[in-house]
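The residues making up each chain are set out below.
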Amino acid sequence: MISSLVACGDQEQRSSGGSVASVPSSPSLPASVPSSVTTSPASGTPSTSTTTPAVAPECAPGPGRSVRRLPPVTVPEVVVPALTYADKSSGEQKTAMEGFTVPAQTIDAGCVIQYDAPGGCLGAVKITGATIPPVTIPGGALTGKQFPGVTVVGKVAPAVSSPQICQVETKGVLPTVTREGVVRRGVSRNGAARPGGFVKGDGGLPDLRVPTVKVPEVRLPDVDVDPARLESRKLPGQEKVEVFTGEGKTSYVAPGDVLFDTDQATIRPDAAKALHAIALKIKAASPGAKLRVEGHTDDRGDATYGLRLSERRAQAVALYLIKTEHFAAARITTKGFGEAAPAVPNTSDANRQKNRRVVITVAG
C-alpha cells in the first residue's frame, strides 16, 4: 500500500517567464502497413542472414516509470536444400537448383509503460508500437521454367496511450476519476507459398519435382491495460481533508489555504491540525516507511523561480514532519517539480490554486 498527502498552497505571484513540459508526449502513431503477397523475379541467390529486432529505447528501464516488456515472437527459419540429381554418365551428384534459407525472425513485441504520478492522480500508460517485418521466399529457375520469388509485406501495430488523470474537487464535489483502459489490437502477417512443380528433363537432366516452399502466418496478439479509478471520501474527524484511494495508493488532500501564505515557504500555524491528523494516519498505516515529499506550483511567472519555490515548500513540509511529528530524517526525500506536473490544466485561477500543492508519498 502507498499512502500520499496532497496539500494546496495559497495564491502566489511571480514575474513572467517560461514553462516546463509535463508528461512527455507520445510519438506519432505509425500508419498500418497493408499485408499483401507479391512476386519477385526469379533468383537463385541463397539467403542466410537472421533478422533481429532493435529494442525501442523507450522500453529501457528509467526513472519515473515502470516498464513491462512483452514477450517477443520468434519465427523459425525455413531451410530449402539444393535440388540434386545423379549424372547418368558419371554417377556424380550434381545440383539442378541452388538451395536457400529463409532466415529466422525474432519480432520485438514492445512494452507497456506505466508512468509515475503525483498523489491523487492516475499515471499515464502507454503500449508501444510493434512491427512484424516483411519476409521473402527467393525465386529460382530450372531448365527455363521460372519459380518466382514471393514477398509478404510486414504489418505495424501502432502505439496506444492514455494520459495522466488527476482527482480534484469541482464545485464542491469530489468525483470518482477513471483512467480509460487501452488496447493495442493484434496484427498478423500473412503466410505465403512459392508453388513448386514438375519439370521435364532436358538432355542429361532427369525429370525433377521442385517442392513448394511455405512460410507461416505470424501474429502479434492483442495487448490491453485495464481501466483504473480513484474513489474519494472525507477523512473522519477532519472534514477539510479528502482521501483518495486507488491503484494501491491513498492520498490525503488538504484545502488550498492550509499550508502557505502567498509566495512563502513557511507553513502557517493553522495548518498543524490537519497535518497532524494526516501524520497520525501515516504512522498507523505505514510505520517505518520511506516518505517522498514533492512540491508543485502553477504556470504563472518565471518557471525557474516556481521550481525553487516548490523545492522550498517540499523541504518545509519535510522539516515539519521531522521536527514536529518526529519522523526520522533518513526516511524522507524531497523534490520540487515547479509547474511540470499540474493536477489540472492551468486555465483559471481556481485551477491554478489546485496546482499549487505538496504531495507526500509513503512507500512500503
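Higher on the page you've got the structure.
So, here is what we can say about the structure in this document. (Residues numbered from 1 in each chain as written. Predicted model: local features only at pLDDT ≥ 70, side-chain atom pairs only at ≥ 80, totals over all residues. Heavy atoms only, no water.)

1. A word on the overall build of the protein chain
Now for step 1: For the protein chain, the helix and strand inventory stands at three helices and 35 strands.
Now for step 2: Burial analysis of the protein chain (364 residues in total) assigns 45% to the buried set.
Now for step 3: Partitioning the intrachain contacts of the protein chain with sequence separation of at least 6 by distance along the chain shows that 75% fall at a separation of at least 24.
Now for step 4: Accessible area for the protein chain stands at about 17800 Å²; split by element, carbon and sulfur atoms hold 55% of it. (Helix = DSSP H or I, 4+ residues; strand = E, 2+ residues; numbered from the N terminus. Buried < 20%, exposed > 50% of the residue type's maximum accessible area, 1.4 Å probe, protein only. Contact = heavy atoms within 4.5 Å. Areas by Shrake-Rupley, 256 points an atom, 1.4 Å probe, with all protein chains shown as cover.)

2. Points about the side chain of Ser-162
Now for step 1: Locating Ser-162 in the fold gives a position in strand S19 (residues 160–162).
Now for step 2: Aside from chain neighbours lying at most four places away, what touches Ser-162 is Ala-124, Val-125, Arg-179, Glu-180 and Val-182.

3. Quick look at the state of the cysteines
Now for step 1: If you walk through the whole model with that rule in mind, you get one disulfide.
Now for step 2: Between the sulfur of Cys-59 and that of Cys-111 lies a disulfide, 2.1 Å long from S to S. Taking the torsion about the S-S bond as the criterion, the Cys-59 to Cys-111 disulfide, at about -90 degrees, is left-handed. Taken as a pair, Cys-59 in the loop between strand S2 (37–40) and strand S3 (65–69) and Cys-111 in strand S10 (residues 111–115) lie far apart in primary sequence, 52 residues in all. (Disulfide = S-S within 2.5 Å.)

4. Quick notes on unusual backbone geometry
Now for step 1: With phi around 45 degrees, Thr-143 is a residue other than glycine that occupies positive phi space.
Now for step 2: Along the chain, the position of Thr-143 falls in the loop between strand S15 (140–142) and strand S16 (145–147).
Now for step 3: Relative accessible area serves as the criterion here: at 39%, Thr-143 is assigned to the partly exposed category.
Now for step 4: The backbone of His-326 sits at a positive phi, close to 65 degrees, despite the residue not being glycine.
Now for step 5: Tracing the chain through its elements places His-326 in the loop between helix H2 (303–323) and strand S34 (332–336).
Now for step 6: On the accessibility criterion, His-326 (64% relative accessible area) is exposed.

5. Re the nonpolar core
Now for step 1: Ranked by size, the top nonpolar core spans 28 residues in total, and within it Ile-267, Val-293, Val-317 and Leu-321 carry the most contacts.
Now for step 2: Listed by contribution, the elements that provide at least two residues to this core are strand S31 (238–246), helix H1 (272–285), strand S33 (290–296), H2 and strand S35 (357–363).
Now for step 3: Val-317 has contacts with Leu-259, Phe-260, Ile-267, Val-293, Val-358 and Ile-360, leaving out every residue within four places of it along the chain. (Core = buried A, V, L, I, M, F, W, Y, C linked by side-chain atoms within 4.5 Å.)

6. Thoughts on the side chain of Arg-189
Now for step 1: Note that Arg-189 resides in strand S23 (residues 187–189).
Now for step 2: Buried charge without a partner: Arg-189 forms no salt bridge, and the closest opposite charge is Glu-217, 9.3 Å away.
Now for step 3: There is a polar contact of 2.7 Å between the side chain of Arg-189 and the side chain of Gln-105.
Now for step 4: At 2.7 Å, the side chain of Arg-189 and the backbone oxygen of Pro-133 are in polar contact. (Lys, Arg positive; Asp, Glu negative; His and termini not counted. Salt bridge = Lys/Arg side-chain N within 4 Å of Asp/Glu carboxyl O. Polar contact = N/O pair within 3.5 Å; in protein donor to acceptor, adjacent residues only side chain to side chain.)

7. Topic: H2
Now for step 1: Spanning 21 residues, H2 covers 30 Å between terminal C-alpha atoms, matching the ideal 30 Å at 1.5 Å per step.
Now for step 2: Among the residues of H2, those classed as buried are Ala-303, Gly-306, Leu-309, Ser-310, Arg-313, Ala-314, Ala-316, Val-317, Ala-318, Tyr-320 and Leu-321.
Now for step 3: Where H2 is buried, its residues meet H1, S33, S34 and S35. (Expected span 1.5 Å × (residues − 1).)

8. A word on the sheet that holds S3
Now for step 1: Sheet architecture is open: four strands sit in the order S3-S10-S12-S19, paired in antiparallel fashion. Whereas interior strands pair on both sides, the edge strands pair on one side only; in this sheet they are S3 and S19. Here the strands of the sheet are splayed against their neighbours by 10 degrees on average, with no regard to which way each runs. (Pairing = 2+ DSSP bridges. Axes fitted to C-alpha atoms, helices over the stretch in contact; angles between N-to-C directions.)

9. Digging into H1
Now for step 1: The end-to-end C-alpha separation of H1 is 20 Å, in line with the 20 Å expected for 14 residues at 1.5 Å each.
Now for step 2: For H1, every residue scored as buried is listed here: Ala-274, Leu-275, Ala-277, Ile-278, Ala-279 and Ile-282.

10. Observations regarding the packing of aromatic side chains
Now for step 1: Tallied over the entire structure, the rule returns zero aromatic pairs.
Now for step 2: Directly above the aromatic system of Phe-327 lies the positively charged group of Lys-283, at a separation of 5.3 Å from the ring centroid.
Now for step 3: It is Lys-335 that lies over the ring of Phe-337; its NZ or CZ is 5.3 Å from the centre. (Phe/Tyr/Trp six-rings, centres within 6.5 Å; stacked < 30°, edge-to-face > 60°. Lys NZ or Arg CZ within 6 Å of the ring centre and 35° of its normal.)

11. Observations concerning the environment of Ala-109
Now for step 1: Inspection of the secondary structure puts Ala-109 in the loop between strand S9 (105–107) and S10.
Now for step 2: Of the residues examined, Ala-109 reaches a relative accessible area of 4% and is grouped as buried.
Now for step 3: In sequence terms Ala-109 and Arg-69 are 40 residues apart; their C-alpha atoms lie 7.9 Å from each other.
Now for step 4: If near-sequence neighbours (up to four positions away) are discounted, Ala-109 is found in contact with Leu-70, Pro-71, Pro-72, Ala-130, Arg-184 and Leu-220.

What is shown is where atoms sit, not what they do.
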